[in-house]
Every structure is written in structure tokens, then in C-alpha cells.
Amino acid sequence: MLFSSITFLWLFLPIVLAIYFLLLKIFGHVTFAANLLLLVASLFFYAWGEPIYVVLMLGSIILNWLMGLWLSRTHSSRAILALACAGNLAILGYFKYAGMVIDTLNALCGKVVFADINVSLPIGISFFTFQSMSYVIDVYRGECTPQKNVLKLALYISFFPQLIAGPIVKYKDVADQIDNRIVTRAIFASGVRRFEYGLAKKVLIANVLALGVDKIYSMQMGEVTGLLAWTASLMYTFQIYYDFSGYSDMAIGLGRMFGFKFRENFNYPYTALSIREFWRRWHMSLCAWFKDYVYIPLGGNRAGKLKTYRNLGIVFFLTGLWHGASWNFVVWGILHGLVSIIERLGADRYLARNRLLSWLYTFLVVNFLWVFFRVTDIGAAASYCLRMLLPWQYMEGSGFFEVVDMEMLVVLVLAVLGMGIIQRVWESHVLPQRSLIRRAMEAWQGSLLEAVFCVLLLLLSIAALAASTYNPFIYFRF
């Protein structure tokens, strides 16, 4: 089930909210019944699209619950931790990477040696597997106590707002909220507002840009001019940002509606002044996961420069692999890692001299590398990049306005304006405290006018959903 679907907006969410707040009103606080409701609703939410894989997720939950209890009762805990991680990774590896491994081996052999495994990828498996692993690792480290109630752990892993595409939530961050949380009118209103902004980012911006992206990348290479290659890359750069950050906004907003507070997942990544800073602002929950459970355990930056570069290389390789069972994702991750290492080798000193050039460099690198993320064929991705680097050599092909319409261009301009530059200026306090602009923006937040604006966004989003056939989230396949 999609957040940006009529079924979710008009049936599932209103019904769950109504029953949830009825239970809170009857009992006066969060009870077993309220948590059970959210658990059942989450399992139903997941089963809506793939009923059979609910069994897989429940098996993962029971496995990690038992491992957590086992870790708390034995002294040979490192072996148990290894067993728990191996179990989680085995599930992830089979369903997500078995096909990739077989295809690669057959390609290396030059013929079909191993039969293909026809298994569909469970939605959100990378996300709930990483959450499960963070739980058992934190229990092993003593950073949280094992959850004795399997239903509470099941709620943590399967909670529908962040189940499918994050943000990746660590158990220690929400353990207390499972039993102790409150929902005031202000918190609920902020959640609704955040959800509506996320929905608009997804439906009114990302979905429109996706039409242009899909159209250009489906064309024959000979028809793609340098201008169209640039247009496709820029549109996809903003499509994936508004698509994924829009989902995160909706997830965070939904969490607030039920009293949960999730950490932010994006912080205006396209305003970064280096690739290193970009990864501190993009998909922050995934970056924090790899930092806490891979980079630091490997030694981080504490064991000399060479091992630091090695550790960075491993993390970015795994980051690329995490995103999908295809070598283009691995190439995308490795290239990000190489650029990050080059910055550490001294390039960052030159970047610090001019903020505008630093931003332009970072944005262009990110934009070029998104081509390898979007185009699964590495050779084709390289051809698109060549057209972008030498556009004057690729002038013949389809006409620009035969492919791109005015709505896409207007939305692209709006996407640029909303990518964070205005917000960063506001947050940096460049504007004087008593300036007219600052006072107007402060008056806007939480005002009746903003509420009317949110209602308008909701109506426009619903109208767009009713008229459009494109609606999937990019990160659902990860």
C-alpha cells in the first residue's frame, strides 16, 4: 500500500487513526490495545501488496527477538551476535542478491551454468533487515535492554510509517516511546502538516519529473541530444530527492500523529559544499547506520590514513550494494567513495576557498553520478555522461519540446527553488531578526494561512493522484 494512494488516504489512515484515538480516550494513555492495533495495522499494510512475505517478516522478527534474549543470558555473546547477523544477512542475500550472483557467474563463464532463481524481492527488506540487525547489535553492546515482549519488538520492526522505505530507526531511539508517548494537538497538527508537505513533494513534483525522466531514458541512444541528456539527469536528480525526502516527510509526519518521534532523514543535501557533506545530509539514517555498525567497528579514522581510506571504500561499496542487486549501484557507490577519498587527500582545502564553486562542483558530481544510479547498463550510463560532457557533438536527435513539456519545466524550476537554498538562508540567520521577511515567515509557521495552504496542497495532490497513472516510490525496490 502506498502513502500516496487513495486507499491509504481515504480508508486505511482515517480508520486506524479513529480507532487509535478512541483507545487513547478510553484508557487515557498508551496501552497494550493501542500498540496491538498499530501492529495489526502495520502487518495489514505490508500484506496489502505482498501477503506471503508477511510470513518472512514475522520470521525475521522472531529470529531477532530470540537472539536478543539469548544475547542477554549467555557469556559467549560474540558467537551469538555473529549467528544473528548471519541469519539476517542470509535472508537479505537470498531474496535480494542471489539473482545478481548467478547472473554474474554465468556472465563470467560465458554460458548458463547456474539456473536463474525466480524469486521476487520483498518490499522494504533492506530497511527492516537493517533495523533488526541494529537491535541485536545494540543489545550485544549493552546500549539497550532486550525486549521480552515479542509484540513490542514486532511493532518496532513492522511499524508501517517507516517499514517500507525508512527512515531506518534504531531500537534504542524509540524503545521508550513504545510504552510512553503522548500525542498533543500541537504534535498531531505538526504531523499532519509534515505529511501533507511530503505528499505534495511526491505527487506534485517527483511524479511530474518522473514522466520526463522515464521518457528520455527509454529513447534510443541516437535520439538523445546533449540537451536532453542534461535535462534527464537534472530531472532525475530532483525526482529522486523529492520522491525519497517526500516519503521520509510522510513517514515522520505519520509517526508524530501516533506519538512517535523519528530522526530526520534529509537536511537539504543539494546545498552541500562537498561530497563528504552531501553524505551527512542525504539519507542520514542509512549513513548513521553504516557509520555506527561498519565504519567505526573497522577502525574509522583512528588507525591511520590508509586504513581510513580502506574503511571508506568498504562503506561506500556496501552503500552502493545496499541500494540494489545490480552492478551500476556498486559503481555509483564506489565513485562516491573515490571522490570522498580525493577530498580527504587535500581537495577539500581548495573547495573551502570559494563556496559558490564548491557548491557547483558538489552538485555536478552528484548529478553525474545519479546517471549511474538510474541507468542500469553501465555502458549506457557512460554514454549519457559523454553526451553531457560534450553536448555540442550531440546536437542531432529528437527535438527538445517533442519530449519535454512546459509543465515539466515549470516543476523543475520549482524543484530548484525548493531544494534548500531559501531554507538554508533562513536557518543561517542571515536575515535580520526584525526584517519584514523574517517576521512574515515566522508568522506563517503554524498560522491559519499555512493551514489553508496545506489543505490546498492536499486537494491538488488528490486531484493529481486521481488523474495520474505514475505513483511508485523509487526506494520501494531497495
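Source: prediction; values computed, not measured.

Some thoughts on the packing of aromatic side chains
Any pair of aromatic rings gets described here by the distance separating the centres and the angle formed by the planes.
Step number 1: Taken as a whole and judged by the stated rule, the model has 59 aromatic pairs.
Step number 2: Geometrically, the ring pair formed by phenylalanine 159 and phenylalanine 262 is edge-to-face, given 6.2 Å between the ring centres and 70° between the ring planes. Within this pair, whereas phenylalanine 159 is found in the loop between helix H6 (150-158) and helix H7 (160-163), its partner phenylalanine 262 is found in the loop between helix H10 (226-257) and helix H11 (275-281), the two being separated by 103 residues in sequence. Comparing phenylalanine 159 with phenylalanine 262, the two get one shared label, buried.
Step number 3: Between tyrosine 241 and tryptophan 282 the ring centres are 6.4 Å apart and the planes differ by 40°, which places this aromatic pair in the tilted class.

Concerning the environment of alanine 41
Step number 1: Position of alanine 41 among the secondary structure elements: in helix H2 (residues 32-47).
Step number 2: Residue alanine 41 is classed as buried on the basis of its relative accessible area, which comes to 7%.
Step number 3: Put simply, alanine 41 and phenylalanine 160 are 119 residues apart on the chain and 7.6 Å apart in space, counted from C-alpha to C-alpha.

Examining helix H16 (residues 378-389)
Step number 1: Helix length check: H16 (12 residues) gives 16 Å between terminal C-alpha atoms against 16 Å at 1.5 Å per residue, within 8%.
Step number 2: When H16 is considered as a whole, its buried residues turn out to be Ala380, Ala381, Tyr384, Cys385, Arg387 and Met388. Projected down its long axis, H16 shows its buried positions confined to an angular sector of 155°, all on one face.
Step number 3: Tucked into the core, H16 has its buried residues touching helix H9 (185-217), H10 and helix H15 (355-374).
Step number 4: Measuring from the backbone nitrogen of glycine 379 back to the side-chain oxygen at the start of H16 gives 3.0 Å, which picks out aspartate 377 as the cap.

Digging into the packing of helix H1 (residues 6-27) against H2
A pair of packed helices can be characterised by two numbers: the angle between their axes and the separation between those axes.
Step number 1: Remark: H1 packs on H2, axes separated minimally by 9 Å, with the N-to-C direction vectors making an angle of 165°. Accordingly, the angle class assigned to the pair H1 and H2 is roughly antiparallel. Every pair of crossing elements has a handedness; the one defined by H1 and H2 is right-handed. Between H1 and H2, the contacting residues are Phe8, Phe12, Val16, Ile19, Tyr20, Leu23 and Phe27 on the first element and Ala33, Ala34, Leu37, Leu38, Ala41, Phe44 and Phe45 on the second.
Step number 2: Tallied by class, residues from the contact of H1 with H2 come to 14 nonpolar, no polar and no charged.

Description of unusual backbone geometry
Step number 1: Within the chain, tyrosine 268 stands out as a residue other than glycine whose phi angle is a positive 50°.
Step number 2: Secondary-structure assignment places tyrosine 268 in the loop between H10 and H11.
Step number 3: You will see that histidine 283, though not glycine, has its phi angle at about 45°, which is positive.
Step number 4: Relative to the helices and strands, histidine 283 is located in the loop between H11 and helix H12 (284-295).
Step number 5: Residue classification places histidine 283 among the buried positions, given a relative accessible area of 0%.

Cut-offs used in this document
Residues numbered from 1 in each chain as written. Predicted model: local features only at pLDDT ≥ 70, side-chain atom pairs only at ≥ 80, totals over all residues. Heavy atoms only, no water. Phe/Tyr/Trp six-rings, centres within 6.5 Å; stacked < 30°, edge-to-face > 60°. Helix = DSSP H or I, 4+ residues; strand = E, 2+ residues; numbered from the N terminus. Buried < 20%, exposed > 50% of the residue type's maximum accessible area, 1.4 Å probe, protein only. Expected span 1.5 Å × (residues − 1). Arc of directions from axis to C-beta. Contact = heavy atoms within 4.5 Å. Polar contact = N/O pair within 3.5 Å; in protein donor to acceptor, adjacent residues only side chain to side chain. Axes fitted to C-alpha atoms, helices over the stretch in contact; angles between N-to-C directions. Parallel < 35°, antiparallel > 145°, perpendicular 65-115°, else oblique. Left-handed = near helix turned anticlockwise from the far one by under 90°. Nonpolar A, V, L, I, M, F, W, Y, C, P; charged D, E, K, R; others polar.

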